[in-house]
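Chain by chain, the residues:
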Amino acid sequence: MNTAMICQFGSKSSRQRLLTTTAVAARRTLSTFWSDVPQGPPDPIIGLNEAFAKDTFPQKVNVGVGAYRGDDGKPHVLPCVREAEQIINAAQLDHEYAGIIGEPQFVNLALKFAYGNDSPVLANKQVAGVQTLSGTGGLRLFGEFIRKFGHSHIYVPNPTWGNHIPIFQNSGLEVRKYRYYDTTSSDLDYDGLLSDIGDAPAGSAVLLHACAHNPTGMDPTLEQWAEISQLVKSKGLLPFFDCAYQGFASGNAPQDAAAIRLFVEDGHNLALVQSFSKNFGLYGQRVGALSIVGQDAHEAIRLLSQLKICIRPSYSNPPRHGARIVSTILSDDRLTTDFIDQCKDMADRINSMRVQLRSILEGAGSDRSWEHVTKQIGMFAYSGLSKEEVTALRDDHHIYCTLDGRISMAGVTSGNVDYIANAIHEVTKK
């Protein structure tokens, strides 16, 4: 190396020291970017699953997860889903991107599934619909959408699915609550619901569970839904339905959509998010839809344009495989009939476990009323267990459920229902 270069860069050892010092400083600088990030709390459901996995007790039971299990306690894939997958594989379809709105056929079939094949709002092209990343993604998309167009808050039932609150908060909305469930009577707090919704400011968005309310499993009657509809309309509120269990709740898909269809008949420009995780068993495929009922076809076109603008910088477009499965089933009369029968089988099994659980608890001489277990509907039973009783259930009997006492009836089987009932009786005895 010539003298000029040595003068410019120094000796080799000097350069090495300079590079080492610079690298250390860079590492220190980079570490400070993240040094103030605190440890986040574990997700309650994930933490429950991890604790269950570590438990070596042979009779351990997990009734905390919101996913269907067969009577053997194992994940269940619907036969119609298996057949649809074979049809899709045989067609040798490509894996190109879907459009921003997703698979158009899926969206159309999903809307008919919820609103009805003969729905006037569909016939009049009043509905703007898009495929979403299951129900969760649809909830977030709608939260961002209404925040963008002037809404600052949303009302949710108390209690509600735990993820509703952070989803809407992260969308930039203030989450307000209306009364829904009376823990003393283990029943719907209908008077409180009407009072709180009636007090909501005009224009407020109100989240409603279409069927199989999570976590309580306690739904309004159709007559009560009619009264709620009139109240929401008279107050000028925006109804937003979360429909995660259509067909899975009662075993009758049109019946489970009755509240949605009633509100549409009453002239609401409602919004609806659908999930196909529970009813089709497509938990890992993230299949959902979001739709908004406009005043007319021109308004629906404008709504769709803005939904696409929200989607594009978020996830660009949704995955195709799960949507193709649903489309394959709902576009074929025989497969649709098979789906209806198989979905009813799941609902019937859960309902039979409700009856058995209540019967065993009552037969054990429990001094509590367990009537609510069979009055509730859907995947969950809101047991009424306190946090202390839930903890005792886990620590003493190795039965895992969420701290609010929500029991996933899908995890109750003919092989463990006696054990679960007797354990509940033990921790609730006075």
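Preceding this paragraph is the structure being described.
Since the model is a prediction, treat every value here as computed from it, not as a measurement.

> Could you clarify how one ought to interpret the packing of helix α4 (residues 79-91) against helix α16 (residues 333-363) in this entry?
Packed helices, taken two at a time, are described by the angle between their axes plus the distance between the axes. With their axes 8 Å apart at the nearest point, α4 and α16 run at an angle of 150° to one another. Compared by their axis directions, α4 and α16 come out roughly antiparallel. Across the interface between the two elements, P79, C80, E83 and I87 of α4 pack against R334, L335, D338, F339 and Q342 of α16. Residue composition of the contact of α4 with α16, grouped by class: 5 nonpolar, 1 polar and 3 charged.

> Even after reading the chapter, I still don't get empty space enclosed by the protein, so can you show me in this structure?
Empty pockets left among the atoms are what a rolling probe the size of a water molecule brings to light. Counted under the stated rule, the structure contains 2 cavities of 30 Å³ or more. Estimated volume of the largest cavity: approximately 40 Å³. Considering the residues around the largest cavity, the lining is formed by P157, Y178, Y180, L193, L208, H209, H213, P220, W225 and I228. Residue assignment for the lining of the largest cavity shows that the elements contributing at least two residues are β7 (205-209) and α10 (222-235). Class assignment for the residues of the lining of the largest cavity results in 8 nonpolar, 2 polar and no charged. Considered as a void within the structure, the second largest cavity measures approximately 30 Å³ in volume. Of the residues contributing to the lining of the second largest cavity, the split by class is 6 nonpolar, 1 polar and no charged.

> Whenever I open this one, α4 confuses me. Can you help?
Each turn of an α-helix holds 3.6 residues, which means side chains three or four residues apart point in the same direction. For α4, built from 13 residues, the straight-helix expectation of 18 Å at 1.5 Å per residue is met to within 8% by its first-to-last C-alpha distance of 19 Å. The complete set of buried residues in α4 reads C80, V81, A84, E85 and I88. Taken down its axis, α4 places every buried residue within 140° of arc, on the same side. Residues of α4 that are exposed and point more than 90 degrees away from the buried face comprise Q86, N89 and A90. Just past α4, the residue Q92 takes up positive phi, approximately 50°.

> Which parts of the structure should I look at to understand the layout of surface pockets?
What the largest pocket holds in volume is close to 1,100 Å³. Counting residues per element, the ones that place at least two in the lining of the largest pocket are α3 (44-54), α7 (134-148), β3 (153-158), α8 (164-170) and α13 (277-280). In the lining of the largest pocket, the residues fall into 18 nonpolar, 15 polar and 7 charged.

> How do you make sense of the packing of aromatic side chains when you look at a structure like this?
Each aromatic ring pair is specified by the distance between its two centres and by the angle formed by the two planes. Under the counting rule described, the total for this entry stands at 17 aromatic pairs. When the centroid spacing of 5.2 Å and the interplanar angle of 50° are considered together, the rings of F145 and F149 count as tilted. On the basis of relative accessible area, F149 is assigned to the partly exposed category, the value being 43%. Note on Y245 and F248: the rings are 6.3 Å apart at their centroids and 50° apart in plane angle, and the pair reads as tilted. Under the relative-accessibility criterion, Y245 is labelled buried at 5%. Looking at F248, the relative accessible area reads 1%, which means it is buried.

> What's the story with unusual backbone geometry in this structure? I'm lost.
Note: most residues except glycine have negative phi, and most peptide bonds are trans. In this chain, N158 is followed by P159 through a cis amide linkage whose omega measures 10°. Within the element layout of this structure, P159 appears in the loop between β3 and α8. Geometrically, the link from N214 to P215 is a cis peptide bond, its omega value of 20° lying close to zero. Relative to the helices and strands, P215 resides in the loop between β7 and α10.

> What should I look at first to understand the sheet that holds β7 in this one?
Strand pairing within a sheet occurs via backbone hydrogen bonds; the two strands may be parallel or antiparallel. One open sheet accounts for 7 strands, arranged β2-β10-β9-β8-β7-β3-β4; its pairing is mixed. Each edge of the open sheet carries a strand with a single partner, namely β2 (127-133) and β4 (174-179). Strand-to-strand twist in this sheet, taken as the mean axis angle between neighbours without regard to direction, amounts to 25°. Direction of pairing for β2 relative to strand β10 (residues 287-293): antiparallel, over a ladder of 7 bridges. Bridging across to β10, L133 finds its partner in V287. The strands that helix α14 (residues 297-311) touches are β2 and β10; relative to β2, the one it contacts most, it runs at about 20°.

> What exactly am I supposed to notice about the nonpolar core here?
Soluble globular proteins: nonpolar side chains tend toward being buried together. Counting 95 residues, the largest nonpolar core has F106, Y115, F241, Y245, I329, L357 and I424 as the members making the most contacts within it. At 9 residues, the largest contribution of residues to this core is made by α16. The contacts of L357, once residues within four sequence positions are left out, are V373, M409, V417, I420, A421 and I424. Counting 26 residues, the second-largest nonpolar core is a separate cluster that includes L173, V175, F240 and I292.

> Help me out: how do you make sense of helix α9 (residues 190-199) in this one?
Most of α9 is tucked away: 7 of the 10 residues are buried. Those residues of α9 that fall on the buried side of the exposure criterion are Y190, G192, L193, L194, D196, I197 and G198. Residues of α9 that are buried make contact with β4, β6 (187-188), β7 and α10.

> Would you explain the side chain of H209 in this entry?
Tracing the backbone shows H209 in strand β7. When its relative accessible area of 6% is taken as the criterion, H209 is described as buried. Each residue touching H209, except ones within four places of it in the same chain, is listed here: P157, T160, W161, H164, N214, W225, F241 and D242.

Cut-offs used in this document
Residues numbered from 1 in each chain as written. Predicted model: local features only at pLDDT ≥ 70, side-chain atom pairs only at ≥ 80, totals over all residues. Heavy atoms only, no water. Axes fitted to C-alpha atoms, helices over the stretch in contact; angles between N-to-C directions. Helix = DSSP H or I, 4+ residues; strand = E, 2+ residues; numbered from the N terminus. Parallel < 35°, antiparallel > 145°, perpendicular 65-115°, else oblique. Contact = heavy atoms within 4.5 Å. Nonpolar A, V, L, I, M, F, W, Y, C, P; charged D, E, K, R; others polar. 1 Å grid on protein atoms, 1.4 Å probe; cavity = no way out; pocket = protein on both sides within 12 Å on 5 of 7 lines; lining within 4 Å. Points joined across faces, edges and corners; volume = space filled by probe spheres on them. Expected span 1.5 Å × (residues − 1). Buried < 20%, exposed > 50% of the residue type's maximum accessible area, 1.4 Å probe, protein only. Arc of directions from axis to C-beta. Phe/Tyr/Trp six-rings, centres within 6.5 Å; stacked < 30°, edge-to-face > 60°. Pairing = 2+ DSSP bridges. Core = buried A, V, L, I, M, F, W, Y, C linked by side-chain atoms within 4.5 Å.

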